[in-house]
Amino acid sequence: MYSNATRVHMDPGPGALIRLREARIDPTKTNALIITHCHPDHYNDAEVLIEAMTHGCKKKRGILAASESVLNGHEGLGPAISKYHASKPLDVRVLKPEMPLKIDNLQLIPTKTFHSDPTGVGMRIKSDDGIISMTGDTSLKEEVYKEHKDAFILVLSVTRPLQSRIPYHLSTEDAASLIEMVKPKLAVLTHFGVKFIASNPDVQANWVEKQSGVRTISAWDGMTICLKSSEYTVQKCISRDFADPRKFPTDLDDIIA
Ligand SMILES: [Zn+2]
Ligand SMILES: [Zn+2]
């Protein structure tokens, strides 16, 4: 996520570094690395990204904010970051619901989740241009709705398609209920399991949109959303010259064409 000059990277799962390269985003300019909970689809590339953020661990810079489980370990989960890497950022914080974090002009408010990592969080991000709220990995509870009220854009971790709900995750039906209650301007479904992908993510999103009356899209790799003065646009992130290291790095303006 970018806001003017502030760059926040959330949940660097497997392949995060290579995806940044593909999108021509320079990881050495990251200001904050956020890790919502201790499952590898969310933390796998964390140490690599810390190395980038701290310029090869040579410069004390950036913020690392992560769940208790990721930083210190919790009930057999984690820690997911070595003491060495956790000592390199300028500031390290444990994310807890209702303990906000200010990064330049962004306010990050961790939100409650109900997931198999009990120390996990979602994230509500307040910027001058509107609120983007992310459910994080969670099952559906009334408290989750309260956490994301008034979001302009709601991003939901939806793992399962229609008629195949599993514990600790949102299904397509759950997504529709939550979106109907929150009533954002745009809902984005992401974090798809294999069954969700096999059930056609666009079909799932259309079902949710019909049920909730809110524009709903299923995310794709490289999707870019621009939020400016409470207006949003959805674009495809252009991947160019991926294989040519001489053309890297570049600037944000270059990828939002
Ligand atoms: Zn998880
Ligand atoms: Zn996950």
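Preceding this paragraph is the structure being described.
All of these numbers come straight from a predicted model, not from anything done at the bench.

Examining the coordination of the zinc ion (ligand 2)
Around a metal, the perfect tetrahedron of four donors has angles of 109.5 degrees, and the perfect octahedron of six donors has angles of 90 or 180 degrees.
Stage number 1. Around the zinc ion (ligand 2), the protein contributes the donor atoms Asp 41 (OD), His 42 (NE2), Asp 137 (OD) and His 191 (NE2), at 2.0 to 2.1 Å from the metal centre.
Stage number 2. Counting the intervening residues between successive donors of the zinc ion (ligand 2) yields the motif D-H-x94-D-x53-H.
Stage number 3. Taken as a pair, the zinc ion (ligand 2) and the zinc ion (ligand 1) show a spacing of 3.4 Å, with Asp 137 coordinating each metal.
Stage number 4. The exposure class assigned to Asp 41 is partly exposed, which follows from its relative accessible area of 38%.
Stage number 5. A relative accessible area of 5% means that His 42 is categorised as buried.

Section: the nonpolar core
Stage number 1. With 19 residues, the main nonpolar core has Leu 156, Val 158, Ala 175, Leu 178, Ile 179 and Leu 189 as its most contacted residues.
Stage number 2. Of all the secondary structure elements, the ones that give two or more residues to this core are helix 6 (142-148), strand 10 (153-160), helix 7 (172-182), strand 12 (186-190) and helix 9 (201-212).
Stage number 3. Here this core gets five residues from one element, more than from any other, and that element is helix 7.
Stage number 4. Not counting the four nearest positions on each side in its chain, Leu 156 is found in contact with Thr 135, Leu 170, Ala 175, Leu 178, Ile 179, Ala 187, Val 188, Leu 189 and Thr 190.
Stage number 5. Ala 23, Cys 38, Ala 66 and Leu 71 belong to the second largest nonpolar core, which has 17 residues in total.

Things to note about the coordination of the zinc ion (ligand 1)
Stage number 1. Binding of the zinc ion (ligand 1) to the protein goes through His 37 (NE2), His 39 (ND1), His 115 (NE2) and Asp 137 (OD), at separations of 2.1 to 2.5 Å.
Stage number 2. Taken together, the four donor atoms coordinating the zinc ion (ligand 1) span angles of 87 to 169° at the metal, a pattern that classifies the geometry as irregular.

Considering the packing of aromatic side chains
Stage number 1. Following the criterion strictly, the structure yields two aromatic pairs and no others.
Stage number 2. With 6.4 Å between their ring centres and 70° between their planes, Phe 152 and Tyr 232 make a pair best called edge-to-face. Highlighted residues: Phe 152 in the loop between helix 6 and strand 10 and Tyr 232 in strand 15 (residues 231-236), separated in sequence by 80 residues.
Stage number 3. Taking relative accessible area as the criterion, Phe 152 reaches 15% and is therefore assigned buried.
Stage number 4. Ring plane angle 15° and centroid distance 4.3 Å describe the contact between Phe 192 and Phe 196, whose orientation is recorded as stacked.

Here is what the cut-offs are and how they apply
Residues numbered from 1 in each chain as written. Chains lettered and ligands numbered in written order. Predicted model: local features only at pLDDT ≥ 70, side-chain atom pairs only at ≥ 80, totals over all residues. Heavy atoms only, no water. Donors = N, O, S within 2.8 Å, 3.2 Å for Na, K, Ca; no water. Buried < 20%, exposed > 50% of the residue type's maximum accessible area, 1.4 Å probe, protein only. Core = buried A, V, L, I, M, F, W, Y, C linked by side-chain atoms within 4.5 Å. Helix = DSSP H or I, 4+ residues; strand = E, 2+ residues; numbered from the N terminus. Contact = heavy atoms within 4.5 Å. Tetrahedral: all angles 85-135°; square planar, octahedral: opposite > 155°, others 65-115°. Phe/Tyr/Trp six-rings, centres within 6.5 Å; stacked < 30°, edge-to-face > 60°.

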